[in-house]
Amino acid sequence: MSQDVESSPDRTELNAYYRKLIAELWHPDGVTPAGVRAAPELVASLDTVDRARRPHVAFVLGLLAETALPDGAPGPLPAVRAGLDRYLALAATAGDDEPLLFALLYLLGHFPADRDRILRALTGLPLPLDLARLDRSLRLPDPDDPTLGRVWPSPALWQLDEAERAVDRQWIGALPPERFTALWEYDTRSLLAYSGAKALWAVEHGPLVEPAPTYGDAALSARKPTDGGVPEHHRAVLRCPGCRSPLVFAADTAVCAGCGSAHPVADGIVDLSAGVGDDSEAGKRNVPPRYEAALRPAFLRIMGGNWNGAVTVADEDRYLRERVRPVAGPVLDLAAGAGRWTGTLARAVGPERVIAVDLSSSMLGRLHQALPDVLAVRASAHGLPFADATLGAVNCWNALQAIPDPAKAISEVGRCLRPGGTFTLFTFRPTADPVVHHFQNRVHPGVSVPGLAAVRGWLESAGMSVREQSCPASFLFLTAVREK
């Protein structure tokens, strides 16, 4: 491998050199022939390159190990694995060189056959989140392991009690073997994606450490949730999800005045999902307490490029306070999740005015605990259970990328929003960086990041015009208004 940079290049030069090298050896669809040939030379170069280059070389080797040849052959993985002794020796002497350690941890995550040896060699590294991530990346499928789906972005962030483990054992035990294996492999891919994206940032920008999450129920209301029924002012806008006729409300049921379908009202949630299932609901039951503290910040780091924390929760709160400008009518928080941003809306316009919609009963249950005065509705974003032109404002925060048909969801927002009402949106933009894009695509099979042009086109088709947009890193913050 030719070294055509100075012996002590600055970081910009070094990054440019190795990005050019990556482009010659790798692309998302497979390792190039040059990459196969270069793998042994890259491994050997770890003995000769200077300290500044070692993190870059280790990262490139991890990328080559992860990617097969276009014809499905294993590519350079055997040649990369042959350097295992070198990698472990470097890790043992890396000291506080976090870029090198993160790159090596990403690289080592591709050798499950050597799991025991790798973990023994790394015992004592002061990186508990990363070591737990590596440990799980190296594990082979185990049907008796109850931690399926409880590993991202690091198993160390999941602290399940026995009741939660019992719930997991039940739904995991009911999975067909092929589904279990597919979910296990998805978990592994997502952990390697996080390790790779974190290593790339550290290698190119310098050390970073994931902040430790703070768990607890501080966000929950001190007042016990009640099932006080659906307020009259919300009943007027709610509609049957099937035929969009008005609903007649009883204590525990909402009956359609048109088609006669009955919809349950229980545990503080109006279920207008009309049988639309959430096939991941069982896996979400243990998520709500951990979502804001650990899962969401990690998702923003890898999807938004927010490794340096440039976009803060305070920034998001401020955006909503400044941009949500409702006209008359309820304010909808679409795909509200556990209610973190529903709370921001409730503080801004009053909880009695807010309606939270999500398809996950687990998330809505948590939301109802935290915000008992906000109406919680279980429904699909593809068919909002509201009359035309009845909502004063709509917010969809960090969710559009997970909605299967985002164009349909935006069309529904346009149908339900009253003229002059705002639609605030936070999602992500596709990055032009092919390596980062590779990791983003491996985080979750249900996540899709549309282009800005597509989002603006959907808004225009839905009768909305963009009034503001900002795009820090790979984020997209946008405010649109429903025209007459």
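Scroll up a little and you will see the structure.
Residues numbered from 1 in each chain as written. Predicted model: local features only at pLDDT ≥ 70, side-chain atom pairs only at ≥ 80, totals over all residues. Heavy atoms only, no water.

Asks: Would you mind going over the pairing of strand β9 (residues 375–378) in detail, with residue names and values included?
Replies: In the case of a regular strand, side chains alternate between the two sheet surfaces. Side chains L375 and V377 project from β9 onto one buried face, and the interleaved A376 and R378 project onto a second face that is buried too. Note that strand β6 (residues 269–271) and β9 share 3 bridges and pair parallel. What sits directly across from I269, in β9, is A376. Sheet topology places strand β8 (residues 354–358) next to β9; 4 bridges connect them, and they run parallel. Residue pairing in the sheet places A356 in a bridge with A376 of β9. (Buried < 20%, exposed > 50% of the residue type's maximum accessible area, 1.4 Å probe, protein only. Helix = DSSP H or I, 4+ residues; strand = E, 2+ residues; numbered from the N terminus. Pairing = 2+ DSSP bridges.)

Asks: Any details on the pattern of salt bridges? Residues and values, ideally.
Replies: Overall, the coordinates contain 25 salt bridges when judged by the stated rule. Where R117 meets D85, a salt bridge forms, and the shortest distance between an N and an O atom there is 2.0 Å. Of the two residues, R117 is situated in helix α7 (residues 115–122) and D85 in helix α5 (residues 84–93); the sequence distance between them amounts to 32 residues. The class of R117 is partly exposed, set by a relative accessible area of 37%. Salt-bridge contacts for R415 lead to D388; the nearest nitrogen and oxygen are separated by 2.7 Å. Residue R415 is located in helix α17 (residues 406–416), and its partner D388 is located in the loop between β9 and β10 (391–397); the two are separated by 27 residues in the primary sequence. The exposure class assigned to R415 is buried, which follows from its relative accessible area of 15%. You can call D388 partly exposed: its relative accessible area is 49%. Salt bridges here are not isolated pairs; linked through shared partners, they connect R115, D116, D135 and R139. (Salt bridge = Lys/Arg side-chain N within 4 Å of Asp/Glu carboxyl O.)

Asks: Please give an account of the nonpolar core that cites residues and values.
Replies: Core analysis: the biggest nonpolar cluster contains 92 residues, and F59, Y87 and I302 have the highest contact counts within it. Those residues within four positions of F59 in sequence are excluded, and the remaining contacts are I22, A103, Y106, G196, A199, L200, V203, V435 and F439. If you look at the next biggest cluster of nonpolar residues, it comprises 41 residues, including L272, V357, L391 and A480. (Core = buried A, V, L, I, M, F, W, Y, C linked by side-chain atoms within 4.5 Å. Contact = heavy atoms within 4.5 Å.)

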